[in-house]
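Chain by chain, the residues:
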Amino acid sequence: MRRVFLFWPVLILTFIISVSASASTGGNTGLTGLWEYPTAEMPEDGAGRFGFTYNSPYQFYFLDLAWLPWLEINARFSTFDTLSVNYLNQVAPGIDGRRYMDKAIDLKLMLWHSKSPQNWIIPSIAIGVVDMMGTELMKAYYGAATWHFGNFAATLGYGSDRLNGFYGGIEWDVADWLTFKAEYSPLDYTKDVVAGHRVLTELPSKKYNAGIVLKAPWGMQGSVSYQRGDEWAFSISQKIHLGGPILGNGKKKFNVPGGFRYVNWEDPESQDLFARIKSGIDKYVRVRDVEMKLEKSEEYGRRLSLSYENYGYASHAEAMTRLIIILSEVMPETDSLLLIAKNAGIPVIKAEFPGTLLFDIRARSLREEDPIHSAVFTWANSDIEDPDSHVLASKAEHEFKAMLVYEPRIDQTLGKAYMDRLDIDAIYTGRYTNGWGSVVDVRFPVYNKINADSVTGLWWEPEMNSETRIQNAAMTYANHLGGSGRAWFFGEGGYINEEWLGANLWARYYGHSGLWWIGARYSALHDRDPWTFAGLTTGKLTYAYGHAFDDEESDPWHHGLWVQGGFHIADLNLDIQADYGQFVDNDRGWKLSATRHWDDTALGFWYIATDIDAPGKGFTKAGVHMEIPADKWFGTWFGNSSAHVWDQDTMFLSTWMPHSGREGGTIRTPERFISQLRPVSLKKNVARMIQEYCSYEDNDTEGGKEISSILEYIFH
């Protein structure tokens, strides 16, 4: 008691000497905070960390992110040195002796963020929940208040359950590269129990933790701390930001021809000038099917209409911005520029810019805070399809590539906690006219260490064996319904993924700016035989604990039908979607999803509740959706941007429920086809890129966040 008594006066004295806004650092589990406890601090919007902590007997692998300006989400794997999975020995003897693994999600909601140094007496306030999904082994609720002043921050909080009452601590930014943290920790380790076995076999001798965090200029952090009075803990993490590259240089390089520009449209002749401008676009911008037309009218003055299709960028905004920059450099003066963006040969959106914007971009000096406030983005409708203009001409394109594919699998029920495979995919992509396309993806295994055939393996994913080789082989289609440009039909059919042969059909109607949409989806799917190259099952592919088999007496066809609707919250780039209907195993219910976008990067969460619940839960399934472009990892370190996007859905729960909440596979959903090209989304992202090109010489992916708490967002 004496040492605990001395700890608090030192903490309070240090706080009185100088206290305030420290750069946020992660705790042991990844969530922003002290060592064991969260603070009322968060990373910048879209920023976070991934890393690893060793705090024997605990080990944490984490990914922490400010998913919204006021909402922090921390996903983690936990393993415990003192616990094996012997208690599973009767049903899974092959995994006897391996350490137990636990998955968890932590949330923090920033109620109020105190930003003014003059009002340091008013704290930032946050509430949250630890381990809200999964086994809920460490579940607890908490509230925290953090005061900022100078280079110090002090926190006082209260936690339920495992967090066990009042806690507090300090953070001191000694230097840009060094932070000191100390906390009073009443953590109740007796709550950490798995199958009757305690994780920490000996209770801690002290209730304080203290240590330092070392910070590198490139965003890496390492920490060392003395915890519980008897243990050293070590952690390493890397900063990420979904608004910029995860690693590498975030400043995009816009190559333009130097000292070259045509003075007027008459010299040379327009058609010759079009050819020269087109050759410049082909050299500097990876778009295709470029067609131009020069018009003169009393309404527009001299207007250049240009249609194109993006093929080289994951971001449609980047393709349009690069095109505008090139045109500003080489094109004669014009009163108006009309750009028509196509996808699969179909016009999706038209954007009209004033000619003065091209002059401003060429001078790298914008006159307005919003550089395209007077630009008009609308859906491309049938009135632009002038058969004499050749503006919308399109031709087929064929692309062949080979791609190295690495797939890991991590689960506590596996014979090995970590399994993986490496393959080479041979891929053909066809882009044809009038909305048609195709894809063929055949897999050639390099090695496969994933066991998909036994109780200690991925028996619920038999397609992970090396016999299933065709990943996709299907046709796709997208086109307008009617002449408004707002109604769409989408379809695809064939081998749509490694599990299904069949077809998906969508119909969508979008609002004027793309803020809302309504629609429907129908799927007809047949189980594939996972033990053959491209065969189909005779009946339904059925799962029982430990194995999957072809139930030849059942119907192999599955049908799903949903009504759908979505809404886009523009200032957050957040899409909310609700689906209701029949899933492919005849269970009925809802799917709710919320997906945050950073232009071509997306991270979302989904929740399915049907009339079949997961064991011990009030819902069927939940998971995360990710769309991460290849160039998000290294920015421009390796030169040009890439059009390749990693698209992945991952479940949070391993509840072995393969016959519920299933939607079937897809190749090219309406979201992937049209989401970035909605007027409200494209205009915002193009404006941001133009502003960065003209106004910023230094890479600044974060910037200052104006709204950083839920109360500010509600009442601002």
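Residues numbered from 1 in each chain as written. Predicted model: local features only at pLDDT ≥ 70, side-chain atom pairs only at ≥ 80, totals over all residues. Heavy atoms only, no water.

Caption draft 1: Up close: the overall build of the protein chain. Within the protein chain, the secondary structure is distributed over seven helices and 34 strands. For the protein chain, buried positions account for 53% of its 716 residues. Here the protein chain has roughly 31,100 Å² of accessible surface; of this, 58% comes from carbon and sulfur atoms. (Helix = DSSP H or I, 4+ residues; strand = E, 2+ residues; numbered from the N terminus. Buried < 20%, exposed > 50% of the residue type's maximum accessible area, 1.4 Å probe, protein only. Areas by Shrake-Rupley, 256 points an atom, 1.4 Å probe, with all protein chains shown as cover.)

Caption draft 2: Broad picture of a nonpolar patch on the surface. Residues Trp-112, Trp-120, Ile-121, Ile-122, Ile-125, Phe-149, Leu-711, Ile-714 and Phe-715 make up a contiguous nonpolar surface patch of roughly 900 Å² in combined accessible area. Ranked by residues supplied to the nonpolar patch, first place goes to helix 7 (residues 710-715) with three residues. Within the secondary structure, Ile-125 is located in strand 5 (residues 124-130). (Patch = residues over 30% accessible without salt bridge, like charges linked within 9 Å, V, L, I, M, F, W, Y side chains within 5 Å. Salt bridge = Lys/Arg side-chain N within 4 Å of Asp/Glu carboxyl O.)

Caption draft 3: Quick look at the nonpolar core. Ranked by size, the top nonpolar core spans 57 residues in total, and within it Ile-281, Met-320, Leu-339 and Phe-353 carry the most contacts. When residues no more than four places from it in sequence are discounted, the contact partners of Ile-281 are Val-287, Val-290, Leu-306, Leu-323, Ile-326 and Leu-327. (Core = buried A, V, L, I, M, F, W, Y, C linked by side-chain atoms within 4.5 Å. Contact = heavy atoms within 4.5 Å.)

Caption draft 4: How the structure looks around the packing of helix 3 (residues 316-330) against helix 4 (residues 355-363). The N-to-C vectors of helix 3 and helix 4 enclose an angle of 85 degrees; their axes lie 8 Å apart at closest approach. Judged on the interaxial angle alone, helix 4 and helix 3 are roughly perpendicular. Side by side, helix 3 and helix 4 meet where Ile-324, Ile-325, Ser-328 and Glu-329 of the first sit next to Leu-358, Ile-361 and Arg-362 of the second. Considered class by class, the residues forming the contact of helix 3 with helix 4 number four nonpolar, one polar and two charged. (Axes fitted to C-alpha atoms, helices over the stretch in contact; angles between N-to-C directions. Parallel < 35°, antiparallel > 145°, perpendicular 65-115°, else oblique. Nonpolar A, V, L, I, M, F, W, Y, C, P; charged D, E, K, R; others polar.)

Caption draft 5: Geometry of the environment of Ala-602. Within the element layout of this structure, Ala-602 appears in strand 32 (residues 601-610). Here Ala-602 falls in the buried class, since its relative accessible area comes to 3%. In sequence terms Ala-602 and Pro-629 are 27 residues apart; their C-alpha atoms lie 9.3 Å from each other. Excluding anything up to four places from it in sequence, Ala-602 contacts Thr-595, Arg-596, His-597, His-625, Met-626 and Glu-627.

Caption draft 6: Seen up close, the pairing of strand 13 (residues 220-227). The alternating pattern of strand 13 places Gln-221, Ser-223, Ser-225 and Gln-227 on a buried face, while none of Met-220, Gly-222, Val-224 and Tyr-226, on the opposite face, is buried. Looking at chain direction, strand 12 (residues 208-215) and strand 13 are connected through seven bridges and run antiparallel. Counted as the bridge partner of Ile-212 is Val-224 from strand 13. Bridge count for strand 13 against strand 14 (residues 231-241) is eight bridges, and the pairing is antiparallel. Along strand 14, the bridge assignment pairs Gly-222 with Ile-236. Adjacent in sequence and paired antiparallel, strand 13 and strand 14 are bridged by three residues, among which Arg-228 carries a positive phi angle near 65 degrees. (Pairing = 2+ DSSP bridges.)

Caption draft 7: Structural view of the packing of aromatic side chains. The tally for this structure, following the rule as stated, stands at 24 aromatic pairs. Ring geometry for Tyr-58 versus Phe-80: centroids 5.7 Å apart, planes at 85 degrees, classification edge-to-face. With Tyr-58 in strand 2 (residues 58-68) and Phe-80 in strand 3 (residues 71-84), the pair connects residues that are 22 residues apart, well separated along the chain. As far as the burial class goes, Tyr-58 and Phe-80 line up, both buried. With centroids separated by 4.6 Å and ring planes inclined at 45 degrees, the aromatic side chains of Trp-436 and Tyr-477 adopt a geometry described as tilted. Taken together, the residues Trp-436 in strand 22 (residues 436-448) and Tyr-477 in strand 23 (residues 470-480) connect sequence positions 41 residues apart. Judged by its relative accessible area of 42%, Trp-436 is partly exposed. For Tyr-477, a relative accessible area of 23% puts it in the partly exposed group. (Phe/Tyr/Trp six-rings, centres within 6.5 Å; stacked < 30°, edge-to-face > 60°.)

Caption draft 8: A look at helix 3. Over its 15 residues, helix 3 runs 22 Å from end to end, which matches the ideal 21 Å to within 8%, given 1.5 Å per residue. The buried fraction of helix 3 amounts to 15 of the 15 residues, a majority that puts the element mostly inside the structure. A side-chain oxygen of the first residue of helix 3 lies 3.3 Å from the backbone nitrogen of Ala-317; this N-cap is Ser-315. (Expected span 1.5 Å × (residues − 1). Polar contact = N/O pair within 3.5 Å; in protein donor to acceptor, adjacent residues only side chain to side chain.)

Caption draft 9: Looking closely at helix 4. Among the residues making up helix 4, those that are buried are Gly-355, Leu-357, Leu-358, Asp-360 and Ile-361. In this fold, the buried residues of helix 4 make contact with helix 3, strand 17 (336-343), strand 18 (346-354) and helix 6 (679-695).

Caption draft 10: Up close: the pattern of salt bridges. Within this structure, the stated rule accounts for 25 salt bridges. Close ionic contact of Asp-45 with Arg-596 constitutes a salt bridge, the shortest N to O distance being 2.9 Å. In this pair, Asp-45 is assigned in the loop between helix 1 (2-17) and strand 1 (47-55) and Arg-596 in strand 31 (residues 588-598), connecting sequence segments 551 residues apart. In this structure, Asp-585 engages Arg-662 in a salt bridge whose closest nitrogen and oxygen atoms are separated by 2.8 Å. Here Arg-662 lies in the loop between strand 34 (645-651) and helix 5 (670-674) and Asp-585 lies in the loop between strand 30 (574-582) and strand 31, a separation of 77 residues in the sequence. No difference in accessibility class separates Asp-585 from Arg-662, as the two residues are buried. Here the residues in one salt-bridge network are Glu-407, Arg-409, Asp-425, Arg-443 and Glu-461, joined through shared partners.

Caption draft 11: Summary view of the confidence of the model for the protein chain. Confidence in the prediction for the protein chain averages 84 pLDDT; 86% of positions are at 70 or higher. In the model, residues 1-22 has pLDDT below 50 throughout and makes 41 contacts with residues more than four positions away in sequence or in other chains. Predicted confidence for residues 697-705 stays below pLDDT 50, and this span has 19 contacts to residues more than four positions away or in other chains. (pLDDT = per-residue confidence, 0-100.)

Caption draft 12: Seen up close, the pairing of strand 31. Counting buried positions over the 11 residues of strand 31 gives eight, a clear majority of the element. Inspection of the sheet shows strand 30 paired to strand 31 by nine bridges, in the antiparallel sense. Paired with Gln-582 across the bridge in strand 31 is Arg-588. What sits between strand 30 and strand 31 in their antiparallel hairpin is a turn of five residues, with Asn-586 showing a positive phi close to 70 degrees. When strand 31 meets strand 32, the two strands line up antiparallel, connected through 10 bridges. The residue bridging Ala-594 from the neighbouring strand is Phe-605, located in strand 32.

Caption draft 13: Up close: the side chain of Ser-305. Assignment of secondary structure puts Ser-305 in strand 16 (residues 301-310). Judged by its relative accessible area of 5%, Ser-305 falls in the buried class. Reaching out from Ser-305, the side chain makes a polar contact with the side chain of Glu-295 at a distance of 3.1 Å. Excluding residues that lie within four positions of it along the chain, Ser-305 makes contacts with Glu-291, Met-292, Lys-293, Glu-295 and Leu-338.

Caption draft 14: Layout of the environment of Ser-593. Inspection of the secondary structure assignment puts Ser-593 in strand 31. Exposure remark for Ser-593: the relative accessible area of 17% places this residue in the buried category. For Ser-593 and Gly-566, which are 27 residues apart along the polypeptide, the C-alpha to C-alpha distance reads 9.4 Å. If we skip the residues at most four places from it in the chain, Ser-593 touches Asp-575, Ile-576, Gln-577, Phe-605 and Trp-606.

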